[in-house]
Amino acid sequence: MKRNFIKNILKRALILGLITLSCLSFSPLKVNAVEYGKNNSYQIEQLSLENRDMNTVENQMKYSLGTICLDLAHNDLNSSGTIDNGATYKNYNERVISNRISLKVGKKLQQKGYYVKYTRPYDKPASLKDRIRIGNEYNYDLYFSLHLNSCEIDNSAKGCEAFTNGKGWSVANNISNNIKPLGISSRKICSTPYYTKNIKGNTVLFELGFINNDKEIENIISNEDAIVDAIVDGIIAGIK
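All figures in this text were calculated on a predicted structure; none of them were measured in a lab.

What counts, and at which threshold
Residues numbered from 1 in each chain as written. Predicted model: local features only at pLDDT ≥ 70, side-chain atom pairs only at ≥ 80, totals over all residues. Heavy atoms only, no water. Helix = DSSP H or I, 4+ residues; strand = E, 2+ residues; numbered from the N terminus. Buried < 20%, exposed > 50% of the residue type's maximum accessible area, 1.4 Å probe, protein only. Contact = heavy atoms within 4.5 Å. Areas by Shrake-Rupley, 256 points an atom, 1.4 Å probe, with all protein chains shown as cover. Pairing = 2+ DSSP bridges. Axes fitted to C-alpha atoms, helices over the stretch in contact; angles between N-to-C directions. Core = buried A, V, L, I, M, F, W, Y, C linked by side-chain atoms within 4.5 Å. Arc of directions from axis to C-beta. Left-handed = near helix turned anticlockwise from the far one by under 90°. Nonpolar A, V, L, I, M, F, W, Y, C, P; charged D, E, K, R; others polar. Polar contact = N/O pair within 3.5 Å; in protein donor to acceptor, adjacent residues only side chain to side chain. Phe/Tyr/Trp six-rings, centres within 6.5 Å; stacked < 30°, edge-to-face > 60°.

Draft legend 1. Structural view of the overall build of the protein. When you go through the protein residue by residue, the secondary structure sums to eight helices and 10 strands. With 240 residues in all, the protein has 40% of them scored as buried. Put simply, of all contacts in the protein between residues at least 6 apart along the chain, 80% involve residues at least 24 apart. Carbon together with sulfur atoms contributes 55% to the accessible area of the protein, which is approximately 14,200 Å² in total.

Here it is as structure tokens:
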């Protein structure tokens, strides 16, 4: 009887001892975590501020390989309140096709470490004044606006055209050469007579081809991804 009583006491003592040892072993970790939070709150706050600072335009531009302002062409809000879709032909719409390519170009440039600013969200209009203002907001390495051309008589013209300022000529020449193997010939590269002449620095307004040339527009659509690569490579090489 005494032996059993003593055994039970020893068991309880052993269990209590293990529990106490366990608490002693783990409680310092809890204290350290609390103390770390107190002692390093300023450091953590500073880190979060630095991360927020990296989201500013200035820092994104500072740490990028280059800065590009990409114009999503057309969708202009006219004085009459109507939206400009650009050239249309059969079921083809210039704004839809050129904007889709421009968005893919922008994504690839960002992936390669370039800062990209768009002149407008895809589903919102912008006036020419808006585009000029945005193009002049910062000293971009390039302002690039992609379009599709249209001729008076269907299927009577083909090829790309570019209208440039500054080093934009180099970019336009690169792109023109890059898309030749895709079956898109170059018609001309010249100084811009369009709204981009009011944007400081390097600009390119690029007419990729003729929307109302059946063979050309079908070629552009079927080779869209290759055209995107040709434009990205041409921009990067041209602004270096």
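Once the structure has been displayed, the description carries forward.
Draft legend 2. Spatial organisation of the sheet that holds strand β1 (residues 67–71). In spatial order, the strands read β6-β1-β7-β10-β8-β9; together these six strands make up an open sheet with mixed pairing. Each edge of the open sheet carries a strand with a single partner, namely β6 (115–118) and β9 (186–191). Taken pair by pair, the neighbouring strands of this sheet meet at an average axis angle of 20°, ignoring direction. Together, β7 (142–149) and β10 (203–210) form the strand contacts of helix α7 (residues 214–222), whose direction differs from that of β10 by roughly 115°.

Draft legend 3. Fine view of the nonpolar core. Grouped together as the largest cluster of nonpolar side chains are 35 residues, with contacts concentrated most on Phe 144, Phe 206, Leu 208 and Ile 235. When sequence neighbours within four positions are dropped, the list of residues in contact with Phe 206 reads Phe 144, Ser 145, Leu 146, His 147, Cys 160, Glu 161, Ala 162, Ala 172, Ile 175, Ser 176 and Ile 179. Counting 11 residues, the second largest nonpolar core, distinct from the first, contains Ile 132, Tyr 140, Tyr 143 and Phe 163.

Draft legend 4. Molecular detail of helix α5 (residues 128–135). When α5 is considered as a whole, its buried residues turn out to be Arg 131, Ile 132, Ile 134 and Gly 135. Buried positions in α5, seen along its axis, are confined to an arc of 165° and lie on one side of it.

Draft legend 5. A look at the packing of helix α6 (residues 168–179) against helix α8 (residues 224–239). Relative orientation of the contacting elements α6 and α8 amounts to 145°, with a least axis distance of 8 Å. Considering how the two elements wind past one another, α6 and α8 form a crossing that is right-handed. On α8, the residues touching Ser 170, Val 171, Asn 174, Ile 175, Asn 178 and Ile 179 of α6 are Ala 230, Ile 231, Asp 233, Gly 234, Ile 235, Ala 237, Gly 238 and Ile 239. Broken down by class, the residue content of the contact of α6 with α8 amounts to eight nonpolar, five polar and one charged.

Draft legend 6. Just the environment of Arg 120, in detail. Tracing the backbone through its elements, the reader meets Arg 120 in the loop between β6 and α5. Residue classification places Arg 120 among the buried residues on the basis of a relative accessible area of 4%. Considered as a pair, Arg 120 and Ile 134 are 14 residues apart in the sequence and their alpha carbons are 9.2 Å apart. Ignoring any residue separated from it by four or fewer positions in sequence, one finds Arg 120 in contact with Leu 72, Ala 73, His 74, Asn 75, Arg 95, Asn 99, Pro 125, Ala 126 and Arg 131. For Arg 120, the side chain forms a polar contact with the main-chain oxygen of Ala 73, separated by 3.2 Å. In terms of polar contacts, Arg 120 uses its side chain to reach the backbone carbonyl oxygen of Lys 124, at 3.2 Å.

Draft legend 7. Region of the structure containing the packing of aromatic side chains. By the definition in use, this model includes four aromatic pairs. Ring centres 6.3 Å apart and planes at 85° place the aromatic pair Tyr 143 and Tyr 195 in the edge-to-face group. Residue Tyr 143 is found in strand β7, and its partner Tyr 195 is found in the loop between β9 and β10; the two are separated by 52 residues along the sequence. Pair check on accessibility: Tyr 143 and Tyr 195 agree, each one buried. Judged by centre distance (6.4 Å) and plane angle (25°), the ring pair of Phe 144 and Phe 206 falls under stacked. Highlighted residues: Phe 144 in strand β7 and Phe 206 in strand β10, separated in sequence by 62 residues. Neither residue differs from the other here; Phe 144 and Phe 206 are each classed as buried.

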